[in-house]
Amino acid sequence: MIYYSTNGKAPLATLQKAVVKGLAEDKGLYMPQSINPLPQSFFGSIQDLSFQEIAYQVADCFFGEDVEAEALRKIVYDTLSFDVPAVRVTDNIFSLELFHGPTLAFKDVGARFMARLLQYFIRDLKDSKDLKEVNVLVATSGDTGSAVANGFLGVEGIHVYVLYPKGKVSPIQECQFTTLGQNVTAVEVDGVFDDCQALVKSAFMDRELNERMQLTSANSINVARFLPQSFYYFYAYAQLKKLGLADNVVACVPSGNFGNICSALFGKRMGLPIKRFIAANNANDVFFHYLLTGIYTPRASVQTIANAMDVGDPSNFARIYDLYNSSHEAICADISGASYTDDQISGTMRECLKQTGYLLDPHGACGYRALQEGLREGEVGFFLETAHPAKFKQVVDDICGTDIEIPARLQAFMKGKKKSVPMGKDFGEFKSYLMSR
Ligand SMILES: *Cc1c(COP(=O)(O)O)cnc(C)c1O
């Protein structure tokens, strides 16, 4: 498969280059030149296939030309070592629980896949004696850092730098990437998430730094992270089909950087029969305003209780815009939006628990509410429950009056000792730090 840049000014790239580089030379995002549809027969019997088998078939469409079949199958099967059940919350609303992986959030899927694919390609480079250590830079508002750090932990030939905004991620999130050690370094930036993202982007653009070290990104801009996220939309559809509820399916995605919903839109291009999509935002609702006005105006992010969605300039907007040939009308035909204040989010969490017994995390709550308000007659919706409520224990307990038990795999992180490198938001300081490594 050939990949082009959304900015159209960078050379075309192979999958290997797109994965290793992350961002194209012109700061654009890589897009596959074609999206292969899956055969009708696949959808005819999808309800009888396992998650791993479904995912392999989808992965084969994207990566089959570039990765040997057996290796790809192993990457997919190893990545998806946990289930993603669609749990019924009301008559017509399902929660697609993406939090059964090692760090209890959906980003485990993309991060684990990317770590394995990158390792596959590095092994290739090693054979050609062309190997430099690969340095993965990742900016995080919380969950990306933990998923990427854990996905790559101990992988030979790769060092991970996790940049996170000081004081703006929950203590439970923080310990998932600051206590690991080994090939993972946590960089604590005195700023907000957008500052972390800006540092990462500047690093990729800096010629001197790139001559010195091999840098790659594990943010959702990387094709190896965002494309695998399409797997679970197919699996959600399969589970609804098994229940005879797959005729008018609406997928609702709590969105921040828009990688997750973007992968759903790729799924649709591959033939996945999802009728329409809802992007649910917190107060950081730049995309919602774009839908309403046709004008995209990035702005500084504000802090909310759904902090993994606190993004003021979502990277993957460029991909959605490209996928729909810059047509506002075409985008609006497939996607609608919603935006909720912290009060609305917490109100929804309390109400859902009271009425259904289902405990939402603040991100999933945006998705649940958008379906509650937006589902039409005859439609069945699923929202992505993007993280386990225990990841936001303090917030959730305060709002819902619960005392959530922290799952054992989360508790294990909390025993470690925090180690981080303090950093200003000025690129010069970050660059000299990397140059001195
Ligand atoms: C990352 C994240 C989101 C937002 O996903 P995007 O792909 O950035 O839109 C939502 N919820 C949680 C819990 C997350 O970690």
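Since this is a predicted model, take the numbers as computed values, not measurements.

Undergrad: It is not clear to me how the overall build of the chain should be interpreted in this structure. Could you clarify?
TA: Along the chain, the regular secondary structure elements total 20 helices and 13 strands. With the C-alpha coordinates of the chain rotated into their principal frame, the extents come out at 60 × 50 × 45 Å. In the chain, which comprises 437 residues, the proportion classed as buried is 61%. Within the chain, contacts between residues separated by at least 24 positions form 73% of all contacts whose residues are at least 6 apart in sequence. In the structure as shown, the chain presents an accessible area of about 16,500 Å², 49% of it carried by carbon and sulfur atoms. A distance of 3 Å separates the average location of the 42 positive side-chain charges in the chain from that of its 49 negative side-chain charges.

Undergrad: Looking at this structure, how should I read the nonpolar core?
TA: Among soluble globular proteins, nonpolar side chains are generally buried collectively. Core analysis: the largest hydrophobic core is formed by 141 residues, its most contacted members being F63, L117, L118, F152, Y232, F234 and F382. It is helix α5 (residues 107-127) that provides the largest number of residues to this core, a total of 10 residues. Counting residues in each nonpolar core, the second largest holds 22 residues, with L163, F193, V200 and L215 among its members.

Undergrad: What exactly am I supposed to notice about unusual backbone geometry here?
TA: One non-glycine residue with positive phi stands out, namely N325, at about 50 degrees. Relative to the helices and strands, N325 is located in the loop between α14 (317-323) and α15 (328-334). Judged by its relative accessible area of 67%, N325 falls in the exposed class. In this model, S326 sits at a positive phi of 60 degrees, which is unusual for a non-glycine residue. Here S326 shows up in the loop between α14 and α15. When its relative accessible area of 41% is taken as the criterion, S326 is described as partly exposed.

Undergrad: Just checking my understanding: could you explain the packing of aromatic side chains for this structure?
TA: Applying the stated criterion to the full structure yields 22 aromatic pairs. With a centroid separation of 6.4 Å and an interplanar angle of 50 degrees, the aromatic rings of Y233 and F382 are classed as tilted. Taken together, the positions of Y233 in helix α11 (residues 231-242) and F382 in strand β12 (residues 380-385) put the pair 149 residues apart, joining distant regions of the chain. With respect to class, Y233 is no different from F382; both count as buried. Pairing F258 with F287 gives two aromatic rings, centres 4.5 Å apart and planes at 45 degrees, and the pair type is tilted. Of the two residues, F258 is situated in the loop between β9 (249-254) and α12 (259-269) and F287 in helix α13 (residues 286-293); the sequence distance between them amounts to 29 residues. Judged by its relative accessible area of 1%, F287 is buried.

Undergrad: Sorry, what's going on with the pairing of β12 here?
TA: The two faces of a sheet get side chains in turn, since along a regular strand they alternate between them. β12 sits mainly inside the fold: 6 of its 6 residues count as buried. Residues of β12 alternate between two faces, with V380, F382 and L384 on one and G381, F383 and E385 on the opposite face, all of them buried. One ladder, built from 5 bridges, connects strand β4 (residues 93-97) with β12; its direction is parallel. From the neighbouring strand, L96 faces β12, where its bridge partner is L384. In the sheet, β9 pairs with β12 via 4 bridges, with the strands oriented parallel. Bridge pairing in β12 places A251 opposite F382.

Undergrad: Please clarify how the site of the ligand should be interpreted in this entry.
TA: In the neighbourhood of the ligand, 15 residues make up the surrounding shell, with K107, D143, G256, N257 and T386 lying closest. At 2.8 Å, a backbone N or O of G256 approaches an oxygen atom of the ligand. At 2.8 Å, a side-chain N or O of T386 approaches a nitrogen atom of the ligand. Protein burial of the ligand: of its 380 Å² of free accessible surface, 97% is covered by the chains. Per-class residue counts for the shell around the ligand are 6 nonpolar, 7 polar and 2 charged.

Undergrad: Can you walk me through the packing of helix α16 (residues 342-356) against helix α17 (residues 362-374) in this structure?
TA: Helix packing for two helices is described by the angle between their axes and how far apart those axes are. The N-to-C vectors of α16 and α17 enclose an angle of 75 degrees; their axes lie 9 Å apart at closest approach. Relative to α17, the element α16 lies roughly perpendicular. Residue-level inspection shows Q344, I345, T348, M349, C352 and T356 of α16 in contact with α17, the latter providing P362, A365, C366, Y368 and R369. Looking at the contact of α16 with α17, its residues break down into 7 nonpolar, 3 polar and 1 charged.

Undergrad: Help me understand the pairing of strand β10 (residues 276-281), please; the structure alone is not making it clear to me.
TA: For β10, a buried count of 6 out of 6 residues is recorded, marking the element as mostly surrounded by other parts of the structure. Residues R276, I278 and A280 point to one face of β10 and F277, A279 and N281 to the other, with burial holding for every one of them. Here β9 runs beside β10; their pairing, made up of 5 bridges, is parallel. Directly across from V250, in β10, lies its bridge partner R276. Note on the crossover from β9 through α12 to β10: the handedness is right-handed. Sheet analysis places β10 next to strand β11 (residues 335-339), joined by 5 bridges and oriented parallel.

The rules we used
- Residues numbered from 1 in each chain as written.
- Predicted model: local features only at pLDDT ≥ 70, side-chain atom pairs only at ≥ 80, totals over all residues.
- Heavy atoms only, no water.
- Helix = DSSP H or I, 4+ residues; strand = E, 2+ residues; numbered from the N terminus.
- Buried < 20%, exposed > 50% of the residue type's maximum accessible area, 1.4 Å probe, protein only.
- Contact = heavy atoms within 4.5 Å.
- Areas by Shrake-Rupley, 256 points an atom, 1.4 Å probe, with all protein chains shown as cover.
- Lys, Arg positive; Asp, Glu negative; His and termini not counted.
- Charge placed at Lys NZ, Arg CZ, Asp CG, Glu CD.
- Core = buried A, V, L, I, M, F, W, Y, C linked by side-chain atoms within 4.5 Å.
- Phe/Tyr/Trp six-rings, centres within 6.5 Å; stacked < 30°, edge-to-face > 60°.
- Pairing = 2+ DSSP bridges.
- Near = heavy atom within 4 Å.
- Polar contact = N/O pair within 3.5 Å; in protein donor to acceptor, adjacent residues only side chain to side chain.
- Nonpolar A, V, L, I, M, F, W, Y, C, P; charged D, E, K, R; others polar.
- Axes fitted to C-alpha atoms, helices over the stretch in contact; angles between N-to-C directions.
- Parallel < 35°, antiparallel > 145°, perpendicular 65-115°, else oblique.
- Right-handed = clockwise from strand over helix to strand, strands pointing away.

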